[in-house]
Amino acid sequence: MLFVSTEETEAERDAEIEGMREQSRSYTRSVDRLPKSSRYLGSLRHSSRDGFVYRRKSDADRWPSQFDDEAPEGFSVRRKSDADRWRGTHGYGEDPFLSELVTEVSLSGTRKQKERESLHSWDASTAEVELSRGPSLQRSRSNRRSSRHFQRTARHHQARALREVQSADMDPLVLEGGIACVTGASGIGKTEMVLEYAHRFSQWYRMVLWVGGEARYLRQNYLNLSLFLGLDVGTESQIGPEQGRIRTFDEQEMEAFQRVKRELQRDVPYLLVIDNLESERDWWDGREISELIPRTGATHVIFTTRLPKVMKLDSLDLSYLSGMEALSLMKGKREFASQELDALKNIEEKLGRLPYGLAVIGTLLAELPILPSELLEKMEKSLIREWTWGAREEATLKHNPYLVKLLGVCFSFLDQTEGPKDLCRRMALVGGWFAPFPIPVSLLAIAASKYPARAGSLKAFRSIHRAFLCCCGSTHAKRWEAEAGVLLLKYGIARACTRQGWVCFHEIVQLYSRKRGGVLAAKAMVQGIRRRGTISIHSEHLWAACFLVLGFGNDPVAVELKVVEMLSFIRRVVLQLAVSSFTSFSRCYAALELLRLCTNALEDLEKSFVSQVQDWWDRSFCWKKSKHTGQEVDEYAWQDVTLLKALLLETRAKLMLKGGQFDAGEEICRTSISIRTVMLGKDHPDTVSAQETLAKLVRYRTNA
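Residues numbered from 1 in each chain as written. Predicted model: local features only at pLDDT ≥ 70, side-chain atom pairs only at ≥ 80, totals over all residues. Heavy atoms only, no water.

## Thoughts on the overall build of the chain
Then, in step 1: Each helix and strand counted, the chain has 28 helices and 10 strands in total.
Then, in step 2: Here the chain holds 704 residues, and 48% of them are scored as buried.
Then, in step 3: Residue pairs at least 24 apart in sequence account for 73% of intrachain contacts in the chain once pairs closer than 6 positions are excluded.
Then, in step 4: Taken as a whole, the chain presents about 36100 Å² of accessible surface, with 52% of it coming from carbon and sulfur. (Helix = DSSP H or I, 4+ residues; strand = E, 2+ residues; numbered from the N terminus. Buried < 20%, exposed > 50% of the residue type's maximum accessible area, 1.4 Å probe, protein only. Contact = heavy atoms within 4.5 Å. Areas by Shrake-Rupley, 256 points an atom, 1.4 Å probe, with all protein chains shown as cover.)

Shown next as structure tokens:
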């Protein structure tokens, strides 16, 4: 029989405990060396099933578990796929996209009623959703809104979205193939519902990809996913055995789309949200939207649209708010007398229980010392201007006149001749002409300074204009800019974004601002983009400015610039945008069309110069000896227009060279050489550069 000394046992136990403590201290030191974001956001994983917190597995920990451990001896094991490893952290089994939603369909009526009642006490602080649009949705608990009303409004939208997700009578065919469609009128809450779904089930997906579905921007938004997926979709990214072969523009554009689509069709769980889809066909070439949607793999797709049908899918049609929900959204935590509650019910009926309009009412009641009866009186007195409504505005604004009156009341609170409120009003007007994407407040302020002030505030307008153009970094200008941005949020005109200092406008507000601001606001937006637009940050807004100045398709030119302004716009905006779209995203036809429209605009300017010269010739025998100095300026501008036209022609020829259009490229390149030879001489570097481009075109055409 063996005996163990008690002293030795206690010594071994103390040594073991000390070793465990040293191991814990070493782990704590290693965690402290990590960046703060990695330590607190990525290093720990919370389990809702057992309530414990586990350390996130490192690459070395995951490597042995990447292979199946139960393989028979003598056989090679299968390496786990990305989806297996991803779902392994949450559990195996049925598809979450189908199970979590379809399971709710089988709930009994009693259980549904209990869940509806429990939603009124649901705490938004445990599941806050940032109501913003972007390509990637992340959970952010640190940037909570300070206003109690904004918290209450967010809680209401989340509760309603949760109710729609849980209790909607959804047919399983809606989710067949991992694709769902949510339909409803503008302002009914489609985006908020999908945001709530993405927030609740974000743990099932590696990444949530958000794509704006507006017709003119859908293609670029889809290609922008390559930036988040780590893909190269440029024209210079050709690989494989055919590397070096000149491909057609159709092949290059199709290959760019296919690269993004192939990544989404991998066995990696992505959630792709296409928000506010306007058409089932691409605006640029009429392709079906179904060509962009992944059909295989682990990616799930959700559409939000005003269209009744998308890709022949059964859709979930959102309903309007109930009476109690509408009243709760409007009054918030304020207590009103019975007479004021009747006024709220009257407002509710006039707005048709549209969630967006009711949310604006709640914002005004929470932020301003005003009663519902007074707000109703202001709405009744507000006049609707005689505007011509298009098909898009007719469905949203014309059929809801009290919504138009409500927006007019919001703008009436900003009626001042000077100060931050006047700047905020002009920012709201020019914001309607920007692209439907987040906008930096600083860019909005620059554009607003170009919008003409009222007759009685010429001095204030000049001071703001000087502050933003001459000393934009001054404390006074920055303070007014910040206060105006806060007012946009305070009066419910704009919404905050995840990026600090950026705001976004609802579609309804943009339609109203376009009608109210008119062409002057559109021109101010273009001027702001021309002065401060950056291709790396504001590419969508640069496209919006080009749509207004050049007119694409059947759209007329909305903004006419002066000669000097047009030259600056083409140099600073158009050339950079065309080259970037072609080389970085393989948008070949869009870039060529952009350059072609610019060339046509410059040719129109040349014709106007010729007519002016003819008029001057009729009045004087010698144009250059004329006493009017403005004619000399026009002569210099004519030279700039002609040389810029030659530059555009050479750029088009270089792009056509990359797409195999040698004959068309050779023709316009010869035109560029002729212009530069006359204006600059045959030995000028620009002329020599165009001749080298022509030599390449001829050589490639001969070898083709």
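## What about unusual backbone geometry?
Then, in step 1: With phi around 60°, K312 is a residue other than glycine that occupies positive phi space.
Then, in step 2: Looking at the secondary structure, you find K312 in the loop between β6 (300-305) and β7 (316-317).
Then, in step 3: We classify K312 as exposed; its relative accessible area is 81%.
Then, in step 4: Non-glycine residue R353 carries a positive phi angle of around 60°.
Then, in step 5: Among the structural elements, R353 can be located in the loop between α13 (338-350) and α14 (355-367).

## Some points on the pattern of salt bridges
Then, in step 1: Tallied over the entire structure, the rule returns 26 salt bridges.
Then, in step 2: One salt bridge in this structure joins K645 and E603, with 3.6 Å as the shortest N-O distance. Taken together, the positions of K645 in helix α26 (residues 629-658) and E603 in helix α25 (residues 588-619) put the pair 42 residues apart, joining distant regions of the chain.
Then, in step 3: Its relative accessible area of 29% is what places E603 among the partly exposed residues.
Then, in step 4: Between K654 and E650 there is a salt bridge, with its nearest N and O atoms 3.6 Å apart. With a gap of four residues between them, K654 and E650 both fall in helix α26, about one helical turn apart.
Then, in step 5: Here K654 falls in the partly exposed class, since its relative accessible area comes to 39%. (Salt bridge = Lys/Arg side-chain N within 4 Å of Asp/Glu carboxyl O.)

## Some remarks on the packing of helix α27 (residues 662-679) against helix α28 (residues 685-703)
Then, in step 1: At their nearest, the axes of α27 and α28 sit 9 Å apart, and the two run at 160° to each other. By the angle class used here, α27 and α28 are roughly antiparallel. Of the two possible hands of crossing, α27 and α28 adopt the one that is left-handed. Contacts between α27 and α28 involve F662, D663, G665, E666, C669, R670, S672, I673, R676 and T677 from the first element and D686, T687, A690, Q691, T693, L694, L697, V698, Y700 and R701 from the second.
Then, in step 2: Here the residues of the contact of α27 with α28 are counted per class, giving eight nonpolar, six polar and six charged. (Axes fitted to C-alpha atoms, helices over the stretch in contact; angles between N-to-C directions. Parallel < 35°, antiparallel > 145°, perpendicular 65-115°, else oblique. Left-handed = near helix turned anticlockwise from the far one by under 90°. Nonpolar A, V, L, I, M, F, W, Y, C, P; charged D, E, K, R; others polar.)

## A word on a positive patch on the surface
Then, in step 1: Taken together, the side chains of K478, R531, R532 and R572 define a basic patch exposed on the protein surface.
Then, in step 2: You can see R572 is positioned in helix α24 (residues 563-585).
Then, in step 3: According to the relative accessible area criterion, R572 is partly exposed, its value standing at 40%. (Patch = residues over 30% accessible without salt bridge, like charges linked within 9 Å, V, L, I, M, F, W, Y side chains within 5 Å. Lys, Arg positive; Asp, Glu negative; His and termini not counted. Charge placed at Lys NZ, Arg CZ, Asp CG, Glu CD.)

## Side note on the packing of aromatic side chains
How two aromatic rings sit relative to each other is given by the distance of their centres and the angle of their planes.
Then, in step 1: The final tally for this structure, using the stated rule, is 17 aromatic pairs.
Then, in step 2: A centroid spacing of 5.6 Å and a plane angle of 80° characterise the contact between Y217 and F437, whose relative ring orientation is edge-to-face. Of the two residues, Y217 is situated in the loop between β4 (207-212) and α9 (218-223) and F437 in the loop between α18 (420-431) and β8 (439-440); the sequence distance between them amounts to 220 residues. Judged on exposure class, the residue Y217 and its partner F437 are both buried.
Then, in step 3: Ring geometry for W284 and F547: centres 6.3 Å apart, planes at 45°, overall tilted. (Phe/Tyr/Trp six-rings, centres within 6.5 Å; stacked < 30°, edge-to-face > 60°.)

## Concerning the pairing of strand β5 (residues 270-277)
Then, in step 1: Most of β5 sits out of view: eight of its eight residues are buried.
Then, in step 2: Relative to β6, β5 runs parallel, the two being bridged by five bridges. Looking at the pairing, L277 lines up with T305 of β6. (Pairing = 2+ DSSP bridges.)

## Some details on the sheet that holds strand β10 (residues 502-505)
Then, in step 1: Read across the open sheet, the three strands follow the order β8-β10-β9; overall the sheet is antiparallel. Of all the strands in the sheet, the pair left with one neighbour each is β8 and β9 (494-496).
Then, in step 2: Sheet topology note: the β9/β10 ladder contains three bridges and is antiparallel. Bridging from a neighbouring strand, R495 pairs with C504 of β10.

## Regarding the sheet that holds β7
Then, in step 1: An order of β4-β5-β6-β3-β7 is seen for the five strands of this open sheet, with the pairing classed as parallel. Strands at the two margins of the open sheet, each flanked by one partner only, are β4 and β7.

## Notes on the environment of T183
Then, in step 1: In this fold, T183 is placed in strand β3 (residues 179-183).
Then, in step 2: T183 sits in the buried class, given a relative accessible area of 4%.
Then, in step 3: Along the chain, T183 and L307 lie 124 residues apart, while their C-alpha atoms are 6.6 Å from each other.

## Notes on the packing of helix α22 (residues 507-532) against α24
Then, in step 1: Between α22 and α24, the least distance of the axes is 9 Å, while the angle of their chain directions is 55°. With respect to α24, the element α22 is oriented oblique. The element α22 and its partner α24 pack so that their crossing is left-handed. For the pair formed by α22 and α24, the contact residues are K523, V526, Q527, I529, R530 and R531 on the first element and E565, S568, F569, R572 and V573 on the second.

## Quick notes on the side chain of T191
Then, in step 1: Take T191: it is sitting in helix α8 (residues 190-200).
Then, in step 2: Residue contacts for T191: discarding those within four places in its chain leaves W210 and D275.

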